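Working through the structure, step by step
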Amino acid sequence: MAVYRIGSVGLGGISGGVHIPGIRASADLKLTALCDIDEKRLRERAEAYGIPEDHCFTDYRDLIACPDVDAVDISTPNNVHFEIAAAAARAGKPYGIEKPVTMDTAEAVELAKITKDAGVASMIYFSYRYKAAARYLRSLLLSGRFGAIHHVSMQYYQAWGLRNANCPLVWRYVKSVAASGALGDLGCHGLDLVSFVTGQQYTSVVSHLGTIVDERRLPNGEGTGKVDVDDFSNILAEMTGGISATFQISRFNYGRGNYQRMEVYGERGALVYHLDRIPGVDELEIADESTGGKYVTVEIPQEMHVDQMQSFADVLQGRGDGLNATIDDGVVNEKLLDGIILSSEEKRWITL
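Described below are features of the structure shown in this document. None of these values were measured; they are calculated from a predicted model.

Considering the overall build of the protein
The helix and strand inventory of the protein stands at 10 helices and 17 strands. A compact globule built from 352 residues should have a C-alpha radius of gyration of about 20 Å, and the protein, at 20 Å, falls within 12% of that. The proportion of buried residues among the 352 residues of the protein is 55%. In the protein, 70% of the contacts between residues at least 6 apart in sequence involve partners at least 24 apart. Counting only carbon and sulfur atoms, one obtains 50% of the accessible surface of the protein, whose full area is about 15300 Å². Computed over 34 positive and 47 negative side-chain charges, the inter-centroid distance for the protein is 2 Å.

Digging into the packing of helix H6 (residues 132-142) against helix H8 (residues 182-198)
Look at H6 against H8: their axes get within 7 Å of each other, and the N-to-C directions meet at 40 degrees. The angle between H6 and H8 falls in the class oblique. Seen from H6, the contacting residues are Ala134, Arg135, Leu137, Arg138, Leu141 and Leu142; seen from H8, they are Leu193, Phe196, Val197 and Thr198. Considered class by class, the residues forming the contact of H6 with H8 number seven nonpolar, one polar and two charged.

Section: the packing of H8 against helix H10 (residues 327-346)
Where H8 contacts H10, the axes come no closer than 10 Å and their chain directions differ by 120 degrees. In terms of axis orientation, H8 runs oblique to H10. You can see that H8 and H10 cross each other, and the crossing is right-handed. Taking contact as the criterion, the partners of Leu183, Gly184, Cys188, Leu191 and Asp192 in H8 are, on H10, Asn333, Leu336, Leu337, Ile340 and Ile341. Looking at the contact of H8 with H10 residue by residue, the classes come out as seven nonpolar, two polar and one charged.

Focus: the environment of aspartate 38
Take aspartate 38: it is sitting in the loop between strand E2 (29-35) and helix H2 (39-49). C-alpha separation for the pair aspartate 38 and histidine 151, spaced 113 residues apart in sequence, amounts to 46 Å. Side-chain polar atoms of aspartate 38 contact the backbone nitrogen of lysine 40, separated by 3.1 Å.

Points about the layout of surface pockets
Taking a probe equal in size to a water molecule and rolling it over the atoms shows the remaining empty space. A volume near 1200 Å³ is recorded for the largest pocket. Lining of the largest pocket is provided by 50 residues; of these, Gly13, Ile14, Ser75, Glu98 and Arg172 occupy positions nearest its centre. For the lining of the largest pocket, the elements supplying multiple residues, two or more each, are helix H1 (13-25), helix H4 (81-90), H8 and helix H9 (308-316). Residues of the lining of the largest pocket, tallied by class, amount to 21 nonpolar, 17 polar and 12 charged. By volume, the second largest pocket amounts to about 240 Å³. In terms of lining residues, the second largest pocket is bounded by 15 residues, among which Arg129, Asp192, Ser195, Gln201 and Asp329 are the most central. For the lining of the second largest pocket, the secondary-structure elements that each account for two or more residues are H8 and H10. Among the residues forming the lining of the second largest pocket, the class breakdown is six nonpolar, five polar and four charged.

Description of helix H5 (residues 105-118)
Across its 14 residues, H5 extends 20 Å between first and last C-alpha, which sits within 8% of the 20 Å expected from 1.5 Å per residue. Among all positions in H5, only Thr105, Ala108, Leu111, Ala112, Ile114 and Thr115 are buried. On its buried side, H5 packs onto H4, strand E5 (95-97), strand E6 (122-124) and H10. N-capping of H5 is provided by aspartate 104, with a side-chain oxygen placed 3.3 Å from the backbone N of alanine 106. Positioned one or two residues after H5, glycine 119 has a phi angle of 70 degrees, which is positive.

A few points about the nonpolar core
Proteins that are soluble and globular tend to have nonpolar side chains buried together. If you look at the biggest cluster of nonpolar residues, it comprises 76 residues, and the most contacted ones within it are Tyr95, Phe247, Tyr273 and Leu284. For this core, the element with the most residues is H8, which contributes nine residues. The residues contacting tyrosine 273, other than those within four sequence positions of it, are Tyr128, Lys131, Ala133, Ala134, Leu137, Leu193, Gln260, Arg261, Met262, Asp282, Glu283 and Leu284. Membership of the second largest hydrophobic core comes to 21 residues, among which are Leu29, Ala46, Tyr130 and Leu316.

Brief notes about the side chain of threonine 105
Mapping threonine 105 onto the fold places it in helix H5. Threonine 105 sits in the buried class, given a relative accessible area of 16%. Polar side-chain contacts of threonine 105 include one of 3.4 Å to the backbone oxygen of glutamate 334. Discounting residues that sit within four places of it in the chain, threonine 105 has contacts with Glu334, Lys335 and Asp338.

Rules used in this analysis
- Residues numbered from 1 in each chain as written.
- Predicted model: local features only at pLDDT ≥ 70, side-chain atom pairs only at ≥ 80, totals over all residues.
- Heavy atoms only, no water.
- Helix = DSSP H or I, 4+ residues; strand = E, 2+ residues; numbered from the N terminus.
- Rg over C-alpha atoms; globule rule 2.2 N^0.38 Å.
- Buried < 20%, exposed > 50% of the residue type's maximum accessible area, 1.4 Å probe, protein only.
- Contact = heavy atoms within 4.5 Å.
- Areas by Shrake-Rupley, 256 points an atom, 1.4 Å probe, with all protein chains shown as cover.
- Lys, Arg positive; Asp, Glu negative; His and termini not counted.
- Charge placed at Lys NZ, Arg CZ, Asp CG, Glu CD.
- Axes fitted to C-alpha atoms, helices over the stretch in contact; angles between N-to-C directions.
- Parallel < 35°, antiparallel > 145°, perpendicular 65-115°, else oblique.
- Nonpolar A, V, L, I, M, F, W, Y, C, P; charged D, E, K, R; others polar.
- Left-handed = near helix turned anticlockwise from the far one by under 90°.
- Polar contact = N/O pair within 3.5 Å; in protein donor to acceptor, adjacent residues only side chain to side chain.
- 1 Å grid on protein atoms, 1.4 Å probe; cavity = no way out; pocket = protein on both sides within 12 Å on 5 of 7 lines; lining within 4 Å.
- Points joined across faces, edges and corners; volume = space filled by probe spheres on them.
- Expected span 1.5 Å × (residues − 1).
- Core = buried A, V, L, I, M, F, W, Y, C linked by side-chain atoms within 4.5 Å.

Here's what the structure looks like:
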């Protein structure tokens, strides 16, 4: 099987922490080109990864045009997702892209059409589909062991928005760049994960979004700027299969790093997924007749352990396991985000 040569666009935290380490660890992928508008960061990463100067670009179009790039990895701010992914697809190059996939539903629908017309593979980086505990939870639910699912409760909490954390007005707090705040940054993961593990879709939502810190210091230290996105979102959702779901999403949870908790209640038992209760660890508890009705932490089978970037390689090689998010899933998620925002603005249920 061919090794796919990857060009990475956007060299921020998620790129350096997840994408590029995963690309370099895969025997099926090779990092061959880099792109970032920050020339200093670009030079530093090029030196760290051994990428020659003539394969380093400040314009994504030059990276896409590079003959030594077979597929494009995109981890930029949200407002340029569409144009980069569309350019890659039109050039006949598959892409993997961070979430939310675009700024709104209209962009997502257009990108899906461009991608399909080009006949290229796509993958949306809904990272928590690759947590072993989440995959095992999904397999147990879909086996029917717990019967019909009645309720799902999802929490996704971080602390870096708290006033005393003193975070400046980074792009995630600016609507014209991010589209939404905690909802698009964290909430889209939680929403996708609940749909992923249950195999069900959302039919209607009602929500409350709010901003706690209205102004933050500018990154250059000169004054402050307005925060015009949400700091938290509370969501009620109706799903197919008769599931009632709730979501609490916030960046204002003291002591939380990247904390998730999902409780799933069925007619014959329950499951609780944890992430970061123990830092960096994903866990699964179950309670049913086999445990005497008590919650017991279970061992996760080895086959549930997968890697996101290796999964991207599998998609490129046409041997994906069918559990990866594609551009179609990105469209579904974007429609959901837009519905949640509209619900909060108009203070009513939105039918999806």
